[in-house]
Amino acid sequence: MRWVHFAFLNVLRNGRRSFFTILVTAIAMTAILVSSGFALFTYHSLAEKAARDEGNLTITDPRFFTDEEDVPMQYGLSNFEHIRDELLVDDEVKAVLPRINLSGLVSNGEKTAIFLGLGVEASEFQVKGPFLNMLAGSPLSGVTSDDAVPEVVLAQGLAHSMKAKVGDNITLMATTTDGALNAFDFVVKGIYTTGVPDLDKRQLYIDLASAKSLINTEKVSSVAVYLFDLDKTTEKLASVAALDNTVAVTPWWQRAFYFQSVQALYNRIFGLLGVMMVLLVFFSISNTMSMTVTERTREIGTIAAMGCYRGEIIRNFLMEAGIIGIAGAIAGVVIAGIVTWALLVLGLEMPPPPGSSQGYPLTIEFSWPLALITSAILTLVCVLAALKATWQGCNKTITDALSYV
C-alpha cells in the first residue's frame, strides 16, 4: 500500500501532465464505449427485427430455400398441425404461425401490376406487434363470413400505383397449384409502409384462408415459430428439429442477410476505430512517462543510491501509469454513461439507411462487460507504455543519474 500511496502522490505532483494524459485515456474510452454501444444497439435491433419478421425458427420443406418451385406450393408443407400442437404446449413458445408466399397480378379494373403477397393468420399482427407502419385503415381483422369480401392490406407504393384507398375493391389473380389462373375480389382494409421503397411497390397481405383458396391448396409455404426469449433460439433449434425429421428448421440468423452484412461492416469499422484509440493511448502514455522519467532522472539516482532495486523503481512508474489508466477509464465510463442518457432524453434520430425511407433512433446500448474489458485493456496498455519508457530511462548508472542535468 505504501508504494501505491507514493505512486498516487507522484501522479498528483505532475498534475497538469497527468490530467491531460487521463483526459486522452478518457476520450479514447468514451469513443470505444459509444461506438461499440451504437454497434451493439444496432445488432440487437436488427436481430429482434429479423426474428420478429421471420420468426425465431422457420419450419419448411428441406428444398424450400434451395430449389426453385416449378408450380406453386411444390415444396409446401401439408401436415404441420402435429408440429404446431406439440410446440404450443411449450411455455417458451409464444406462437406458431403458418404462412403462404404467393405472387401474381393485382388489378383495379383499369391498371394491372405485379404483387408479392403473404397469406397470414390475423393473429400474426398481434403476435408480432406494430411491425407495419399503418398509414391508413387497420391490419387484417380475421373476422370473415361466407358472403363477405375478403380483406387485403396494401403497401404504400402498390396502393398508390393502383390508386386504391381504404374501402376500395381490387382483384388479385394468381396461378393455382393445378396451373390454372384464379381471381378473387378483395376489399382494401389498410395501407402500410415497410420503410423500404422497393417492397412498398409490390407487397401485400391477405388472410391465410383466402390465400389457400386463391391458389387452390391446403399446404402452407412455411411455419414460423416465435419464442418469448430471443436468446432461447439456439436451445430450441435442436428440439424443434427432433419433432419431425422430414422438415428443415432454419434459425432467424441464417435468413437475416441484412443483419449479417451490417454486422460484418460495423465489426470492421469499429474494430479499426478501437485499434486507433488503443494506439493513441499507448503513444500518449509512452510520451508522458518518457518525459516524467527524464525529469526525474536525478530522483531515480538518489533512490537507487539509497538501496532501491531497479525493479522497485520501475514498479513505481508502472503503478503511476496504472493509476492514470484506471482514472481515465473511470472518467470514460462516466462520460459514456452521460452520453447514453442524453441521447435517450433528446430522442435524436439517424438518417434513413440505404434502401430505406425511414430513420431510426440514435441510441447507445451501455454494456458493463464491455466497459470492464475495455478498462482492463486500456489500463494494460498504459502499463506497457510506461514499461517501455521506464526500462530505457532506468538504464543509467547511479553516478550518471545523480549528475544528470
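Below you will find a few notes about this structure. (Residues numbered from 1 in each chain as written. Predicted model: local features only at pLDDT ≥ 70, side-chain atom pairs only at ≥ 80, totals over all residues. Heavy atoms only, no water.)

**So, helix H8 (residues 233-241)**
Item 1. Along H8, the positions that sit buried rather than exposed are Thr 233, Lys 236 and Val 240. Buried residues of H8, viewed axially, fall in a sector of 65°; they line one side. Along H8, the residues that are exposed and aim more than 90 degrees away from the buried face are Thr 234 and Ala 238.
Item 2. Elements that come into contact with the buried residues of H8 comprise strand E1 (57-60), helix H3 (81-88), strand E9 (222-227) and strand E10 (248-251). (Buried < 20%, exposed > 50% of the residue type's maximum accessible area, 1.4 Å probe, protein only. Helix = DSSP H or I, 4+ residues; strand = E, 2+ residues; numbered from the N terminus. Arc of directions from axis to C-beta. Contact = heavy atoms within 4.5 Å.)

**Some details on the pattern of salt bridges**
Item 1. Summed over the entire model, instances satisfying the criterion amount to 10 salt bridges.
Item 2. Between Glu 121 and Arg 84 there is a salt bridge, with the nearest N and O atoms lying 3.8 Å from each other. One end of the pair, Glu 121, is in the loop between strand E3 (112-120) and helix H4 (123-127); the other, Arg 84, is in helix H3, and 37 residues separate them in sequence.
Item 3. A salt bridge links Lys 232 to Glu 235, with the shortest nitrogen-to-oxygen separation between them at 3.6 Å.
Item 4. Taken together, the shared-partner salt bridges in this structure form one network comprising Asp 90, Glu 92, Lys 232, Glu 235 and Lys 236. (Salt bridge = Lys/Arg side-chain N within 4 Å of Asp/Glu carboxyl O.)

**Considering the side chain of Gln 203**
Item 1. Among the structural elements, Gln 203 can be located in strand E8 (residues 203-207).
Item 2. For Gln 203, a relative accessible area of 14% gives the class buried.
Item 3. At 2.9 Å, the side chain of Gln 203 forms a polar contact with the side chain of Tyr 192.
Item 4. Ignoring sequence-local partners within four residues, the contact set of Gln 203 consists of Leu 116, Leu 154, Ala 155, Leu 158, Tyr 192 and Thr 194. (Polar contact = N/O pair within 3.5 Å; in protein donor to acceptor, adjacent residues only side chain to side chain.)

**A closer look at the packing of aromatic side chains**
Item 1. As enumerated under the stated definition, the model contains 11 aromatic pairs in all.
Item 2. For the ring pair Tyr 266 and Phe 270, a centre distance of 5.3 Å and an interplane angle of 75° mean the geometry is edge-to-face. Placement of the pair is Tyr 266 and Phe 270 together in helix H9 (residues 257-295), with a separation of 4 residues, close to one helical turn.
Item 3. The rings of Phe 38, Tyr 43, Tyr 266 and Phe 270 are connected pair by pair, giving a single aromatic cluster.
Item 4. Above the face of the Phe 65 ring, Arg 255 is positioned so that its terminal group lies 4.0 Å from the ring centre. (Phe/Tyr/Trp six-rings, centres within 6.5 Å; stacked < 30°, edge-to-face > 60°. Lys NZ or Arg CZ within 6 Å of the ring centre and 35° of its normal.)

**Concerning empty space enclosed by the protein**
Item 1. Taken as a whole and judged by the stated rule, the model has 1 cavity of 30 Å³ or more.
Item 2. Estimates place the volume of the largest cavity at around 60 Å³.
Item 3. As for the largest cavity, its lining consists of Asn 10, Val 11, Asn 14, Arg 17, Ser 18, Thr 288, Met 289, Thr 292, Glu 320 and Ile 324.
Item 4. Mapped onto the lining of the largest cavity, the elements with two or more residues apiece are helix H1 (2-13), helix H2 (15-54), H9 and helix H11 (310-346).
Item 5. Among the residues forming the lining of the largest cavity, the class breakdown is 3 nonpolar, 5 polar and 2 charged. (1 Å grid on protein atoms, 1.4 Å probe; cavity = no way out; pocket = protein on both sides within 12 Å on 5 of 7 lines; lining within 4 Å. Points joined across faces, edges and corners; volume = space filled by probe spheres on them. Nonpolar A, V, L, I, M, F, W, Y, C, P; charged D, E, K, R; others polar.)

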